[in-house]
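Chain and residue survey
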Amino acid sequence: MRSPVVVLFTTYPITQPRSGGQSRAAALVEAYVAGGFEVVPIAVFETGAFRRQEVGPNDLQFPLDDARSFADGVKLPQSNDVQAGRFLAADDTLFKKLVKRLPKRVDAFHLEQPWLLPAVERLRALPAFTSSRIVYGSQNIEAPLRAAICQQLGVDGAKTIEAVKSLETAACRVAELTLAVSESDEQALVAMGGRRVIRAANGIHASSAVPSLVTAWKERLRHRRVALFVGSAHPPNAAGFIEAFGEALGFLPPDCCIVVAGRVGVRLQEHYETTRYKSLNLSRLFITGELAQEDLSALKALAEVYLLPIFEGGGSNIKTSEAILSGRPIIATSVSLRGFERHTRLPELTIADTRAAFIEALRAAFLGAPRPTAPIDADRTALLWKNTLANVAPALRQVLGA
Amino acid sequence: MPTIWFDVTTILAWQRPPTGVVRVEAEVFKRLAASGRSDVKFCRYDKAARGYFESPPSDALATLERNSTGKKVAAAPSTVKRLADGANDLLKRTPLPVYRRIDALQKRSEPVLREALHRLRETNKSMKAMRQRKAPTAAPLFARGDVLVSAGLDWDFKDLDVLYELKRSIGFKVVLFCYDLIPVLLPHACRTEVADVFPRYYADVAWSADTVLCISKSSQRDFEGFVREIGAPLPKTGLVHLGSTLDTPPATKGVDHLVRGPFILFVSTLERRKNHEVLYRALVRLSQQGKPVPTLVFVGMQGWGVDDLMNDLKRDPRVRSKIVLLHHVKDDDLAALYRHASFTVFPSLYEGWGLPVAESMAHGRFCLSSNTSSLPEVGGELVEYLDPWDVNAWAERMAYFVANPGEVAKRERAIVERFKPTPWDETATTVLNAALALQG
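Because the structure is predicted, anything quoted here is derived from the model rather than measured. (Residues numbered from 1 in each chain as written. Chains lettered and ligands numbered in written order. Predicted model: local features only at pLDDT ≥ 70, side-chain atom pairs only at ≥ 80, totals over all residues.)

1. Points about the overall build of chain A
Let me state the cut-off plainly: Strands are runs of DSSP state E lasting at least two residues, helices are runs of H or I lasting at least four, and both sets are numbered from the N terminus onward. Within these notes, the globule rule equals 2.2 Å times the number of residues to the 0.38 power, and the radius of gyration is based on C-alpha atoms. Counting other C-beta atoms within 10 Å of a residue's C-beta gives its exposure: the residue is buried at 20 or more, exposed at 12 or fewer, and partly exposed in between, where C-beta atoms are placed from the backbone. With C-beta atoms placed from the backbone, a contact is any residue pair whose C-beta atoms sit within 7 Å.
Scanning chain A from N- to C-terminus turns up 17 helices and 13 strands. Against the globule reference of 21 Å for 402 residues, chain A gives a C-alpha radius of gyration of 22 Å, in line with a compact fold. Counting only C-alpha atoms, chain A reaches 65 × 45 × 40 Å along its principal axes. A total of 402 residues make up chain A; the buried ones form 48% of that total. Contacts in chain A between residues at least 24 apart in sequence constitute 72% of all its contacts with a sequence separation of at least 6.

Following this line, the structure appears as structure tokens:
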């Protein structure tokens, strides 16, 4: 019997997942495959945005400066992903390349985020794909998030926000299955016209640390006690950290530090380099940059506290899943716990929604003795991708009537 | 009985006659060493080994004597024996031909060579420690209930993160000093590399110290304000007045070889923060107004950020002959300058204390001082204060006092009657009491 085929569209390659979005898309591929589907992942992104070794065999690249991806001839700010869908739908050469990469029969196009919807609609106008269904994988309620980013960057994002809103509403309406990462997102997606909206929360892969790497990192950190903050270059990550801890990190004892892992470190380094108390602040931070998975696992094993200073944005956070699964103490905002409502009463969790609360909680964690790791029970293993996405393949089978 | 450890790292590292912070450590050390208290011991910090080691008082005394006389001094017998033992230990690990040569040399040598060998041995120990561990040395020199007191150049010679960790693991108490927060509050008035160090340093002081002794109420306020701002815990703070008694004999010689005629004296390193600029501008102002221009004598080494000013002072024809620059002034010449000065000036933009104002009064000289930071604490009602940026005020008041020597004499009489310099004994007692209050 033929396996049903899903083509999964993203605007980033997923061969070496690093960001939350990449991890989710890669996990979706695994979930579909585990559910008996054949999956063809295709990413469309601006030329040169990723390293060559990250680019997958079906991935396509487009020029950011081509006016066909603009809105009425104007390049909108913070809209590379929107441009990807527009260009792919408008450029015959690239569209033909896309068609060549598709299997003869596609049961469903999975749009991970709404950006490539214009191209999928053009595909569905082709006789071969008229009966292909659409799955919309929402990662956030995108329009308000984009509005917040534009505001932070001080750019006029009105037209971008309008374009984003229009895309995600259209995706909800056209999709026969929509995936939401949290309860609140689920409600929002239904309100936007989503027909069959199911919860498919963010999850994580179980990881274990290599002892020799843990020892090496302990040496590198000069045996200091560690709080861990992991984040991508997504602007709200740096903004959240600064909101939580402010311009002077003297509340941290001299034998403690915050390890900042991931590309958020570049922004935080730039920020704290220009603060008045630069020497103090940089003495309390250890900025690693982007790390290999095994290094990150080692740091997670060393961390006495996980920090989740997320003050805005929808969706739910993969970093939150990782923190909860670790069993280590967590200091988190309410926003970062969206989608994890059943875990908000964990004894190792401190909810801090103000700078004063965040600082006080971290200081208290460091002044006390290190706390033991909580046992990894069923509530926590429910956070693994294989469990959070377990309902996706069966739901699509139902849609397909297979 | 718990021990009070007084840290002499700065004394041991210093190569010149002690001034400023070094002098504070030296004066307190001398008094504690002479106190005969069995519960007071001395220690030094080794940066390479990241640890503290006991230091016999004879080491610091020998260093101070050598630095004050400029002569090489034989160490006390106990130290010599220790150094020789150390050198011999080192020699035992040396290849035989080298051993024979060094041994022969050592037998003929002065203690200088022995000391050099000792230093080599210490360096060897430090290097070994560095190779063996990057984490702090936890050799427990201190015990629970002990008190460590440090008054030196800790931002240069210490690692306060090490001190914090030792304190946390052992449970002893710590007394540190706050001289000033100038690099934190006025970073633009300091070398960048200096200004960059201090925010972290004072944060670590706040975390490490149980008591911080501040040399003025102004520094105390600054320290407490900074600690609150950065969110560190505020340790107990106290005041310690630095000694201001004169340690030079009364002046007997004249100053004609240095300067002719009446003059106003300003004793201070020439650097931006000391604000020589306002005095230069004030003289120019008097010159432009056609008024008599007094002679100003600047005593001090050239420091940071005054290259342009120095150029102006040397080339501006309006005041070139009225400003005398004196560097490397001997103690007896300085005493003579104080004695013969019409009065003194101190227009500094910011100070932790303001010793030159106290010294001026100790010499019986009236001082025109700026009104900032700690300076009003030093001079009280015996000094007249001006805004350090107000060129007109400095011009007007200098001209006034030059033209009215009777007014100066009246103020000098008040100084003689009412000024009481702080003896170094009092400073040392304050430090000791702060430590005793914490002794467990």
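2. Comments concerning the overall build of chain B
Within chain B one finds 19 helices and 13 strands. Split into buried and exposed, the 440 residues of chain B put 42% on the buried side. Taking as baseline every contact in chain B between residues at least 6 positions apart, the subset at least 24 positions apart corresponds to 75%.

3. Structural notes on the sheet that holds strand β1 (residues 5–10) of chain A
Residue and element names in this part refer to chain A. Stated precisely, the cut-off is as follows: Here, any two strands with at least 2 DSSP bridges between them count as paired. The axes used here are C-alpha line fits, helices contributing only the stretch in contact, and every angle between their N-to-C directions lies in the interval 0 to 180 degrees.
Strand order in the open sheet formed by 7 strands is β3-β2-β1-β4-β5-β6-β7, and the pairing between neighbours is parallel. At either end of the open sheet lies a strand with only one pairing partner, and these are β3 (60–62) and β7 (197–199). Direction aside, neighbouring strands of the sheet carry axes that sit 20 degrees apart on average. Judged from the 4 bridges that link them, β1 and strand β4 (residues 108–112) form a sheet pairing that is parallel. Counted as the bridge partner of Phe9 is Leu111 from β4. Across the sheet, helix α4 (residues 117–124) touches β1, β4 and β5 (133–137), and the angle it forms with β4 is around 170 degrees.

4. Looking at the interface of chain A and chain B
Condition: Following the grouping adopted for this structure description, the nonpolar residues are Ala, Val, Leu, Ile, Met, Phe, Trp, Tyr, Cys and Pro, the charged ones are Asp, Glu, Lys and Arg, and the polar ones are all others, Gly among them.
Contact residues are listed per partner, giving 15 residues for chain A and 17 residues for chain B. Considering each element in turn, the side of chain A that touches chain B owes the most residues, 4 residues, to helix α11 (residues 278–284) of chain A. Partitioned by chemical class, the residues of the side of chain A that touches chain B number 7 nonpolar, 4 polar and 4 charged.

5. Section: the sheet that holds strand β9 (residues 256–261) of chain A
Residues and elements named next belong to chain A. The strand order across the open sheet formed by 6 strands is β10-β9-β8-β11-β12-β13, and the pairing between neighbours is parallel. What marks the edges here is a single partner per strand, and that holds for β10 (285–289) and β13 (349–351). In this sheet, adjacent strand axes meet at a mean angle of 20 degrees when their direction is disregarded. Inspection of the sheet shows strand β11 (residues 305–308) paired to strand β12 (residues 330–332) by 3 bridges, in the parallel sense. Residue pairing for β12: Tyr306 is matched across the bridge by Ile330.

6. Let's talk about helix α1 (residues 20–34) of chain A
Residues and elements named next belong to chain A. This is how it is decided: To estimate how far a helix should extend, the number of its residues minus one is multiplied by 1.5 Å.
Here α1 spans 21 Å end to end across 15 residues, near enough to the 21 Å set by a 1.5 Å rise per residue. Along α1, the positions that sit buried rather than exposed are Gly20, Gly21, Gln22, Ser23, Arg24, Ala25, Ala26, Ala27, Leu28, Ala31 and Tyr32. Gly36, located one to two residues past α1, shows a positive phi value of around 90 degrees.

7. Quick notes on the packing of helix α2 (residues 80–90) of chain A against α4 of chain A
Between two packed helices, both the angle of their axes relative to each other and the distance between the axes serve to describe the pair. Residues and elements named next belong to chain A. Applied cut-off: Here roughly perpendicular refers to angles of 65 to 115 degrees, roughly parallel to angles under 35, roughly antiparallel to angles over 145, and oblique to all remaining angles.
Running from amino to carboxyl end, α2 crosses α4 at an angle of 30 degrees, the nearest separation of the two axes being 6 Å. Of the possible angle classes, the one that applies to α2 and α4 is roughly parallel. The residues of α4 that touch α2, namely those facing Gly85, Arg86, Leu88 and Ala89, are Leu117, Pro118, Ala119 and Arg122. Each residue belonging to the contact of α2 with α4 can be placed in one class, and the counts come to 5 nonpolar, 1 polar and 2 charged.

8. Re unusual backbone geometry
All names here are of chain A. We note that Asp72 has phi near 50 degrees; this positive angle belongs to a residue other than glycine. Within the fold, Asp72 resides in the loop between β3 and α2. With 7 C-beta atoms counted inside 10 Å, the residue Asp72 sits in the exposed group.

9. Side note on the pairing of strand β9 (residues 296–299) of chain B
Operational definition: Look down the strands so they point away from you; if going from the first strand over the helix to the second traces a clockwise path, that crossover is right-handed.
A two-sided burial pattern is seen for β9 of chain B, the buried positions comprising Leu296 and Phe298 of chain B on one face and Val297 and Val299 of chain B on the other. Read from strand β8 (residues 264–267) of chain B through helix α12 (residues 276–288) of chain B to β9 of chain B, the crossover connection turns out right-handed.

10. A few points about the packing of helix α5 (residues 142–153) of chain A against helix α6 (residues 158–174) of chain A
All names here are of chain A. Note the threshold: Handedness of a crossing is defined here by the sense of rotation of the near helix relative to the far one, left-handed for an anticlockwise turn of less than a right angle and right-handed for a clockwise turn.
The geometry of α5 relative to α6 is characterised by a closest axis approach of 8 Å and an angle of 165 degrees between their N-to-C directions. What the angle tells us is that α5 and α6 run roughly antiparallel. For the crossing formed where α5 meets α6, the hand is right-handed. Contacts between α5 and α6 pair Glu142, Ala143, Arg146, Ala147 and Cys150 from the former with Thr160, Ile161, Val164, Lys165 and Glu168 from the latter. The residue makeup of the contact of α5 with α6, split by class, is 5 nonpolar, 1 polar and 4 charged.

11. Here's the deal with the pairing of strand β7 (residues 236–239) of chain B
Side chains on a regular strand alternate between the two faces of the sheet. Residue and element names in this part refer to chain B. Bridge analysis of strand β6 (residues 211–214) against β7 gives 4 bridges, and the strand direction is parallel. From the neighbouring strand, Cys214 faces β7, where its bridge partner is Leu239. Crossover handedness for the path β6 to helix α11 (residues 217–230) to β7: right-handed.

12. Notes on the domain arrangement of chain B
Residues and elements named next belong to chain B. Keep this limit in mind: For the purposes of this description, domain bounds are those given by an automatic or database domain assignment.
Here the domain parsing of chain B yields domain 1 (4–243 + 426–436) and domain 2 (264–418). The interface of domain 1 with domain 2 comprises 13 residues on the first partner and 12 residues on the second. Here the side of domain 1 that touches domain 2 gets 3 residues from one element, more than from any other, and that element is α11. Looking at side-chain class alone, the side of domain 1 that touches domain 2 contains 7 nonpolar, 3 polar and 3 charged residues.

13. A look at the domain arrangement of chain A
Residues and elements named next belong to chain A. According to the domain assignment, chain A contains domain 1 (5–203 + 385–400) and domain 2 (211–381). A C-alpha centroid distance of 30 Å is found between domain 1 and domain 2. Each side of the interface is counted separately: domain 1 has 23 residues, and domain 2 has 17 residues. Those elements that place two or more of their residues in the side of domain 1 that touches domain 2 are α1, α5 and α7 (183–191). Of the residues forming the side of domain 1 that touches domain 2, the biggest block, 6 residues, is contributed by α5.

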